[in-house]
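So you can see what is in the structure, the chains are spelled out below.
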Amino acid sequence: MTPPEAPEVGRNHPGNTPPAASVCVSEPLTVLKKRSDFLKAARARRQGTSSMMVQARKRAPGEGNGMRVGFTCSKKVGNAVARNRAKRRLREAARAVLPEAGRDGWDYVLIGRAEVTANRPYDALLDDLRYALRKVHAAEK
């Protein structure tokens, strides 16, 4: 005979775990993966800040809709660990800022800077991205 089951209370109970961060985002960002998309963005507008370089390009009407974003860091940023850390921070900044400050039909490429992107305070990183987007979109008018 098996004993009656005790109510599930504790840390590992599914009801007690917080939701994943990606659940909070209303719609996930589409990521640029093709080299041709990165090259097109490199020929478009750019704005540098102390922690990153932002390249932005308004896509042609037939190229699709929605906002797309790409991330890159050169070997000047450091070894693979340093580059990946910088790109993770850029991804989180993009998730936080682009839904409010980005525009539909645009491609954005965020480029990390050596030693600064990984070490800059997160709030300052968000402010840098907001500033760069304001400047890029102000040039449109």
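Our structure's up above, just so we're on the same page.
Described below are features of the structure shown in this document.

What counts and what doesn't
Each chain carries its own residue numbering, running from 1 in the direction its sequence is written. Local features are withheld for residues below a pLDDT of 70 in this predicted model, meaning they are given only at 70 or higher, and side-chain atom pairs are given and counted only at 80 or more; totals for whole chains, interfaces and linings count all residues. Excluded from the side-chain calculations are hydrogens and water; all other atoms, namely the structure's heavy atoms, are used. The way it works is that DSSP assigns letters per residue, a run of H or I at least four long becomes a helix, a run of E at least two long becomes a strand, and they are numbered from the N terminus. Exposure classes here rest on a 1.4 Å probe applied to the protein chains alone. A residue is buried below 20% of its type maximum, exposed above 50%, and partly exposed in between. Here the arc refers to the set of directions running from the helix axis out to each C-beta atom. Two residues form a contact once any of their heavy atoms are found within 4.5 Å. What counts as a ring pair is set by centres within 6.5 Å for rings of Phe, Tyr and Trp (its six-membered ring), and what kind of pair is set by the plane angle: stacked under 30 degrees, edge-to-face over 60, tilted for all other angles. At least two DSSP bridges between two strands are needed for those strands to be called paired. Only the stretch in contact is used when a helix axis is fitted, and all axes are lines through C-alpha atoms; the angle between N-to-C directions ranges over 0 to 180 degrees. Any angle that is under 35 degrees is reported as roughly parallel, and any over 145 degrees as roughly antiparallel; angles of 65 to 115 degrees are reported as roughly perpendicular and all others as oblique. Crossings are assigned a handedness: left-handed for a near helix turned anticlockwise from the far helix by less than a right angle, right-handed for a clockwise turn. Gly counts as polar in this scheme, as do all residues outside two lists: the nonpolar Ala, Val, Leu, Ile, Met, Phe, Trp, Tyr, Cys and Pro, and the charged Asp, Glu, Lys and Arg.

Before going further, it helps to examine unusual backbone geometry. Its identity is not glycine, yet Glu115 carries a phi of approximately 65°, on the positive side. Relative to the elements of secondary structure, Glu115 occurs in the loop between β5 (106-112) and α4 (116-119). Given a relative accessible area of 63%, Glu115 falls into the exposed group.

This part is about helix α2 (residues 35-42). Residues of α2 that are buried include every one of Asp37, Phe38 and Ala41, and no others. The arc that holds the buried residues of α2, viewed along the axis, is 100°, so those residues lie on one side. Tucked into the core, α2 has its buried residues touching β2 (45-48), β3 (52-58), β4 (68-72) and β5.

Here we come to the side chain of Thr49. Here Thr49 shows up in the loop between β2 and β3. Residue classification places Thr49 among the buried positions, given a relative accessible area of 10%. Among all residues touching Thr49, those that are not within four sequence positions of it are Arg113, Asp128, Tyr131 and Ala132.

Here we come to the environment of Leu129. Of note, Leu129 is situated in helix α5 (residues 122-138). Residue class for Leu129 comes out buried when judged on its relative accessible area of 0%. Once the C-alpha coordinates of Leu129 and Ala93 are considered, the two residues, 36 residues apart in sequence, prove to be 7.5 Å apart. Non-local contacts of Leu129, meaning those with residues more than four positions away in its chain, are made with Met52, Val54, Ala93, Ala94, Val97 and Leu110.

Take the packing of aromatic side chains next. By the definition in use, this model includes one aromatic pair. Look at Trp106 and Tyr108: their rings are 6.2 Å apart centre to centre, the planes differ by 15°, and that puts the pair in the stacked class. Each member of the pair, Trp106 as well as Tyr108, carries the same accessibility label: buried.

Pairing within the open sheet is mixed, and its five strands lie in the order β1-β4-β5-β3-β2. Both outer strands of the open sheet, β1 (30-31) and β2, are each paired with one neighbouring strand and no more. Note that β1 and β4 share two bridges and pair parallel. Residue pairing across strands places Thr30 opposite Arg68, the latter belonging to β4.

Turning our attention to the packing of helix α3 (residues 80-101) against α5. For the pair α3 and α5, interaxial distance at closest approach is 10 Å and the crossing angle is 50°. As far as their axial angle goes, α5 and α3 are oblique. Helix-helix and strand crossings are classified by hand; for α3 and α5 the assignment is right-handed. On the side of α3, the interface is formed by Arg89, Glu92, Ala93, Ala94, Ala96, Val97, Leu98, Glu100 and Ala101, while α5 contributes Tyr122, Leu125, Leu126, Leu129, Arg130, Leu133 and His137. Taken together, the residues of the contact of α3 with α5 break down into eleven nonpolar, one polar and four charged.

Structural measurements only, silent on function.
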